[in-house]
Amino acid sequence: MKKIIMLLMLAVIVLQVQAQDDSSLIKEGDHLPKFKVQSEKGELNSEDLKGKVVLINFFATWCPPCKKELPHVEEQIWNSFKSHKDFELMIVGREHSVTELKKFKDGKYTMPFYADTDRSAFSLFATQSIPRNYLINREGEVIYASIGFAPVEFEKMIKLLKAELKK
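Residues numbered from 1 in each chain as written. Predicted model: local features only at pLDDT ≥ 70, side-chain atom pairs only at ≥ 80, totals over all residues. Heavy atoms only, no water.

Across 4 bridges, the pairing between strand β1 (residues 36-39) and strand β2 (residues 42-45) is antiparallel. Within β2, the position partnered with Gln38 by the bridge is Glu43. Taking the residues that link successive antiparallel strands as the turn, the β1-β2 hairpin has 2 residues. (Pairing = 2+ DSSP bridges. Helix = DSSP H or I, 4+ residues; strand = E, 2+ residues; numbered from the N terminus.)

In this structure, the largest pocket encloses a volume near 280 Å³. What lines the largest pocket is a set of 17 residues, and nearest its centre among them are Ser39, Lys41, Pro112, Phe113 and Tyr114. Only β2, β4 (87-94) and β5 (113-116) provide two or more residues apiece to the lining of the largest pocket. Leu32, Ser46, Lys50, Glu139 and Gly140 are the residues nearest the centre of the second largest pocket, which is lined by 16 residues in total. By residue class, the composition of the lining of the second largest pocket is 5 nonpolar, 5 polar and 6 charged. (1 Å grid on protein atoms, 1.4 Å probe; cavity = no way out; pocket = protein on both sides within 12 Å on 5 of 7 lines; lining within 4 Å. Points joined across faces, edges and corners; volume = space filled by probe spheres on them. Nonpolar A, V, L, I, M, F, W, Y, C, P; charged D, E, K, R; others polar.)

In an α-helix, one turn spans 3.6 residues, which is why side chains three or four residues apart end up on the same side. An ideal rise of 1.5 Å per residue puts 26 Å on 18 residues; helix α2 (residues 64-81) measures up with 25 Å between its terminal C-alpha atoms. Listed in full, the buried residues belonging to α2 are Cys66, Glu69, Leu70, Val73, Glu74, Ile77, Trp78 and Phe81. On its buried face, α2 sits against β3 (53-59), β4, α3 (98-105), β5, β6 (132-136) and α5 (151-166). (Expected span 1.5 Å × (residues − 1). Buried < 20%, exposed > 50% of the residue type's maximum accessible area, 1.4 Å probe, protein only. Contact = heavy atoms within 4.5 Å.)

Quick look at the pairing of β5 now. Burial along β5 is two-sided: the residues Phe113 and Ala115 and Tyr114 and Asp116 are all buried. Judged from the 4 bridges that link them, β4 and β5 form a sheet pairing that is parallel. Looking across to β5, one finds that Arg94 is bridged to Asp116. The handedness of the β4 to β5 crossover, carried by α3, is right-handed. (Right-handed = clockwise from strand over helix to strand, strands pointing away.)

Before going further, it helps to spend a moment on the packing of aromatic side chains. What describes a pair of aromatic rings is the distance from one ring centre to the other and the angle between the planes of the rings. Counted under the stated rule, the structure contains 12 aromatic pairs. Measuring from ring centre to ring centre gives 5.8 Å for Tyr109 and Phe113, while their planes differ by 45°; the resulting arrangement is tilted. The buried category is assigned to Tyr109, whose relative accessible area is 12%. Put simply, the rings of Phe35, Phe58, Phe122, Phe125 and Tyr134 pair up and form one aromatic cluster. The side chain of Arg94 reaches across the aromatic face of Phe122, ending 4.9 Å from its centre. Above the plane of the ring of Phe104 lies Lys108, whose end atom (NZ or CZ) is 4.4 Å from the centre. (Phe/Tyr/Trp six-rings, centres within 6.5 Å; stacked < 30°, edge-to-face > 60°. Lys NZ or Arg CZ within 6 Å of the ring centre and 35° of its normal.)

No statement about biological role is implied by the geometric values presented.
Right under this line is the structure:
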């Protein structure tokens with residue numbers, strides 16, 4: 001049984017790597033593209049993120065793996081790092097309005113949600129597949145990129161985030 005689970009986990013990782021190669025426009029080593037998104041508080045421009053360690057999570061409210069991942073993002077990332085002055089978390093709703101995101105997060109999440117109603121931000125990063133995570137260092141370089149939700153990959157992302165925030 002353990003062997004089967006290990007093989008399934010390996011298959012998920014292989015599929016994630018293949019999907020990243022096929023549909024990813026931004027990869028590790030690339031720089032953060034210029035984009036704008038909306039929140040309840042107003043517009044956020046990627047230029048405003050300079051000098052920060054940024055985690056961008058692209059999701060959709062109807063996406064089962066996204067809905068599975070978001071509680072982990074809230075509990076293990078947002079609750080741990082929200083007070084760090086150099087950290088910015090962006091949960092970006094692909095093809096969702098600010099109103100839809102407000103209704104979705106109401107009472108469940110405290111982390112910041114941003115609307116990408118027309119995929120203008122998402123389309124700079126990829127052509128398909130969510131959830132997607134991008135970890136960007138203070139210099140604006142993507143140091144981690146993932147597709148889908150796999151606990152092993154999620155833990156790897158948290159380790160990289162912690163290390164980056166210690167610098």
